[in-house]
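Residues per chain, in single letters:
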Amino acid sequence: MKEQAKEQAKEQIKILAIETSCDETSAAVVSNGRYILSNIVASQAELHVRYGGVVPEIASRKHVELFLPVIEKALDDAGQKPEDISAIGVAHGPGLAGALLVGLMAAKTIAYVLGKPLIGVHHIEGHIAANYLKFPDLEPPFVCLVASGGHSHIVHVRDFTEFQVIGRTRDDAAGEAFDKVARVLGLPYPGGPNLEKAAVSGNRAAFKLPVTYFNDGSFDFSFSGIKTSVVNLVNSIRQKGAEVPVSDIAASFQEAVTGMLATNAIKAANKSNCGKIVLAGGVAANKALREKITNMSKNEQLTPYFPDISLCTDNAAMIGSAAYFHLLKGDVSSLDLNAEPSLKLG
Ligand code: KG4
Ligand code: ZN
């Protein structure tokens, strides 16, 4: 039995993954793309609170300080020595240039010293792969709604490494709109989760905010209209000297944005005929969005998949999962891999 377990362990492909694309310094060890052996996330959120958003220079410097202890802890918690690792996966874009470079240089150095393959991963592919860690049997094809601070995409995931973007935001990302509206309402950074908390005690029908759908057959989004509308609403209430009904505005805004996201995602999933709708990205942590997708899926015979809440926002385990599927295809990177702040998906 012991021998069998040992043989199985030998067959495991263990990837050390690194993620530093924004304000989380994260390292993880993931086995066979599906099982998390460790996932360390050092959030810098507290550092950026007073600026109301991420300051790129500060983020890069903090990554420099944290990346070695975080990687050491990821290996320790996984009970692995560097030589047990099969390959190094790293998010090399999109993201903040300086922040990405810290993780990339760490990954390249480790890969070079250990003589192990380096696998550059698209950050959004990582978000999608967070679902493989929750659902060991989940396989493409499926349609995925990726809503984060930098992106709002509807992606047709044709295969583990094949992606077609079939809908995108034409202006702001959903998470960006959550963050901006939270700031206008006087809620602290990070805006999305704090706006969700404020919305709990609010009336989602209190304000009728504008929603945008395009009648050109696309699954695209636009969130700048609703964002501006909330800014104007709050300003006009303040000008009258009245108290801003924070919870009601938060609930009405959340209702409208999650409605737009869910409606287009369900439409796209129906059109693709693959029967599965998957959520990913920081905004996928939002319970109102999960509820809407769950309810709409029932009417449409779609199966919904949501990652663990803790794996919706940036973390290295998701990068380790995505890297594994590239490794299986022999799709490894060379040591001149660069950071690509605007890397496109698909
Ligand atoms: O994926 P992520 O960690 O970073 C990017 O790749 O951008 O997403 C962060 C974004 C932020 O805009 C944050 O406000 C939003 O996701 N977010 C949420 C929630 N949790 C995080 N938005 C709405 N509701 C939440 N519970
Ligand atoms: Zn992200």
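What you are looking at is a predicted structure, and each value in this text was computed from that prediction instead of being measured. (Residues numbered from 1 in each chain as written. Chains lettered and ligands numbered in written order. Predicted model: local features only at pLDDT ≥ 70, side-chain atom pairs only at ≥ 80, totals over all residues. Heavy atoms only, no water.)

S.K.: Can you walk me through the coordination of the zinc ion (ligand 2) in this structure?
M.R.: Ideal geometry at a metal gives 109.5 degrees between four tetrahedral donors and either 90 or 180 degrees between six octahedral ones. Looking at the metal site, the zinc ion (ligand 2) is ligated by His123 (NE2), His127 (NE2) and Asp314 (OD), spaced 2.0 to 2.1 Å from it. For the zinc ion (ligand 2), the single-chain donor residues occur in sequence as H-x3-H-x186-D. Of this pair, histidine 123 sits in helix H5 (residues 123–134) while aspartate 314 is found in the loop between strand E10 (303–305) and helix H11 (316–328), placing the two residues 191 residues apart along the sequence. Accessibility classification places histidine 123 together with aspartate 314 in one group, the buried group. (Donors = N, O, S within 2.8 Å, 3.2 Å for Na, K, Ca; no water. Helix = DSSP H or I, 4+ residues; strand = E, 2+ residues; numbered from the N terminus. Buried < 20%, exposed > 50% of the residue type's maximum accessible area, 1.4 Å probe, protein only.)

S.K.: What is the right way to look at empty space enclosed by the protein in this model?
M.R.: To find leftover empty space, one rolls a probe the size of a water molecule over the atoms. Counted according to the given criterion, the structure contains one cavity of 30 Å³ or more. The computed volume of the largest cavity comes to approximately 40 Å³. Glu125, Ile128, Ala129, Tyr132, Phe160, Phe163 and Ala322 are the residues that line the largest cavity. The dominant element in the lining of the largest cavity, judged by the number of residues it contributes, is H5, at four residues. Here the lining of the largest cavity is composed, by residue class, of six nonpolar, no polar and one charged. (1 Å grid on protein atoms, 1.4 Å probe; cavity = no way out; pocket = protein on both sides within 12 Å on 5 of 7 lines; lining within 4 Å. Points joined across faces, edges and corners; volume = space filled by probe spheres on them. Nonpolar A, V, L, I, M, F, W, Y, C, P; charged D, E, K, R; others polar.)

S.K.: Please clarify how the site of ligand 1 should be interpreted in this entry.
M.R.: In the neighbourhood of ligand 1, 18 residues make up the surrounding shell, with His127, Gly149, Asp179, Gly192 and Glu196 lying closest. One nitrogen or oxygen atom from the main chain of glycine 175 is found 3.2 Å from an oxygen atom belonging to ligand 1. For ligand 1, an oxygen atom lies 2.9 Å from a polar atom in the backbone of glycine 192. Relative to its free-state accessible area of 550 Å², ligand 1 is covered by the protein chains to the extent of 88%. Contributions of two or more residues to the shell around ligand 1 are made by H5, helix H6 (174–184) and helix H7 (191–199). Grouping the constituent residues of the shell around ligand 1 by class yields five nonpolar, ten polar and three charged. (Near = heavy atom within 4 Å. Polar contact = N/O pair within 3.5 Å; in protein donor to acceptor, adjacent residues only side chain to side chain. Areas by Shrake-Rupley, 256 points an atom, 1.4 Å probe, with all protein chains shown as cover.)

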